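Structural characterization, general
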Amino acid sequence: MQVLLLSTYDLGHQPFSLASPAAKLKSAGAAVTCNDLAVDSLNEDAVKGADLIGLYLQMHTATRLSVALLPRLKALNPKAHIAFYGLYAPLNADYLKSIGGDSFIGGEFEDGLVEIYLDLAESNPSAGSDLTSTANLDFDRPLRDDLPSLDCYAHLNVGDGSTKIVGYTEASRGCKHKCRHCPIVPVYQGRFRIIPADVVLADIRQQINPKSGPAAEHISFGDPDFLNGPRHAMDIVTALHEEFPEITYDATIKVEHLLKHADLLPMLKETGCLFITTAVESVEEDVLRLLDKGHTHDDFKRAAKLAQEIGLTLAPTFVPFTPWTTKQGFRHLLDTIAELGLVENVAPIQLAIRLLIPNGSYLLDLPEIEPHLLGYDQEALSHRWQNTDESVEEFCSQIQEIVEIGARDNQSRIETFKALYKATQQACGIDTPTLPDLQPLPLLTIPAMSEPWFCCAEPSQEQLSRL
Ligand code: SF4
């Protein structure tokens, strides 16, 4: 029995979510091929020979790319069982079924894929199954032999002109919080699941000492929130640092946890943490309340100052355009970023992101969203919405264009920020804009990935051309 696991896009890193189920499927007896279309072309022979094709849908862009890929897979192999797995699989199960999907597995998907494989091996196809689960699983060390080498993926710009090869792993999945806009919430509903420390460390070890190809010099932890299980996280980074003191890492930690676990931050720094991604989303109290983010504007400021004192780089992410965004609010966001000295820390794309409302979003339960909803867009896989102030929609397009131009022209973050600041002041009716005194630097002076983290983009022509 041949199994093909496919990923279309996984935020610039080698997909853990191919390597982890590959290990379990192999243990169950399957012949597994992994094909990462973010960096490789489609392995047509593997498609033609597969009895089971697993398509990984961790987030929005990957789902849209997978939907676009499906007709080609069906044409090459109409008989293969198509299993969609990852967060977006159960959220879009009806639609995915209507276009030819057979099974849908959200949450902890490794055992679900094995179950389908065993059913198929016994000629007992579990067509149309929804095997979504948040049960605790046994994990095997991910099988990475079949994946492109680490240098094919995003690298780390250290901030001093040097770069590092990046490995990737996950120490937990799900989240114990319920931010309303987060696609993890409808699937995990406030639960998080840990991956045993020995498996995580074995996975890191095999990336630092690979059988072939360049070795990881930095590890990116992809946990939705690294401090959902603080003891688990600290045990792992302490062990990592003891064994590989030269290896650095980054993780994602929410503002609330940065403050609640402030005592752990020095140890993160000591064990090699180079930067922390933190989902701030907004600096407006009413928007933070509607999103149920669990922090305030002042909390963000306190967390930023705390990180600065300890010497930990913070990489804040935002969802600046929501149904409740105002131009003054956006100006307040830019002012806050400048005031906190975080201009270089924010990837410009983070200032152009528009709220995405997928199926199952907890935002849909909010009375305040109703007046803004315009119906579900099947192709875009999201609920369309509009700001009540139409001029904010135009302003959003203007901001997105400035960010696109900045990326196209390879502008520094500071240059793009200044262009955004100027446009925002003009949009707010300030005729003679004053710009913050920021000197554009030729190089980014903080650590950051060569590919900024965001998951809700339109698939690009380049991505589509690889399908
Ligand atoms: S803390 Fe982060 S991962 Fe958890 S629900 Fe909120 S946005 Fe999602």
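Being a predicted model, the structure only gives us computed values, none of them experimental. Every chain is numbered on its own, with residues counted from 1 as its sequence reads. In view of the model being predicted, local features appear only for residues whose pLDDT reaches at least 70, and side-chain atom pairs are presented and counted only at 80 or more, with totals across whole chains, interfaces and linings using the full set of residues.

Observations concerning the overall build of the protein
Let me state the cut-off plainly: Helix numbering and strand numbering both begin at the N terminus, where a helix is a DSSP run of H or I of at least 4 residues and a strand a DSSP run of E of at least 2. Within these notes, the globule rule equals 2.2 Å times the number of residues to the 0.38 power, and the radius of gyration is based on C-alpha atoms. Think of it as a crowd count around each C-beta: if 20 or more other C-beta atoms lie within 10 Å the residue is buried, if 12 or fewer it is exposed, and in between it is partly exposed, with C-beta placed from the backbone throughout. The contact rule is simple: place each C-beta atom from the backbone, and if two of them lie within 7 Å, those residues are in contact.
When helices and strands are counted, the protein shows 17 helices and 17 strands. In summary, the protein has a C-alpha radius of gyration of 22 Å against a globular reference of 23 Å for 467 residues, a match within 12%. Taken along the three principal axes of its C-alpha coordinates, the protein extends 70 × 55 × 40 Å. In the protein, which comprises 467 residues, the proportion classed as buried is 47%. When contacts within the protein are restricted to residue pairs at least 6 apart in sequence, those whose partners lie at least 24 apart make up 77%.

Digging into the packing of helix 1 (residues 16-27) against helix 6 (residues 110-121)
As a reminder, the rule being used: Orientation is described by lines fitted to C-alpha atoms, with helices fitted over the stretch in contact, and by angles between N-to-C directions that extend from 0 to 180 degrees. These descriptions rest on fixed angle ranges, namely under 35 degrees for roughly parallel, over 145 for roughly antiparallel, 65 to 115 for roughly perpendicular, and the rest for oblique. Note: crossing handedness is left-handed where the near helix turns anticlockwise from the far helix by less than a right angle, and right-handed where it turns clockwise.
Packing of helix 1 against helix 6 leaves a shortest axis separation of 9 Å and a crossing angle of 40°. With respect to their mutual orientation, helix 1 and helix 6 come out oblique. When you trace helix 1 past helix 6, the crossing you get is right-handed. For the pair helix 1 and helix 6, contact is made by S20, P21, K24 and L25 and by E110, L113, V114 and Y117, respectively.

Some points on the sheet that holds strand 8 (residues 166-169)
Heads up, the rule is: Strands are labelled as partners when DSSP assigns at least two bridges between them.
Pairing in this open sheet of five strands is parallel, and the strands run 8-11-12-13-14 from one edge to the other. The sheet is open, and its two edges are formed by strand 8 and strand 14 (313-318), each paired on a single side. Between one strand axis and the next, the sheet turns through 20° on average, direction left out of account. Two elements, strand 8 and strand 11 (residues 218-221), share four bridges in a ladder whose sense is parallel. Paired with T169 across the strands is F221, a residue of strand 11.

Quick notes on the sheet that holds strand 2 (residues 31-36)
In spatial order, the strands read 2-1-3-4-5; together these five strands make up an open sheet with parallel pairing. Across the chains shown, the open sheet's two edge strands, defined by having one partner strand only, are strand 2 and strand 5 (103-105). The average angle at which neighbouring strand axes cross in this sheet is 20°, direction not considered. Sheet analysis places strand 4 (residues 81-85) next to strand 5, joined by three bridges and oriented parallel. The residue bridging F84 from the neighbouring strand is F104, located in strand 5. In the packing of helix 6 onto the sheet, contacts are made with strand 1 (2-7), strand 3 (52-56), strand 4 and strand 5, and the angle to strand 4 comes to roughly 170°.

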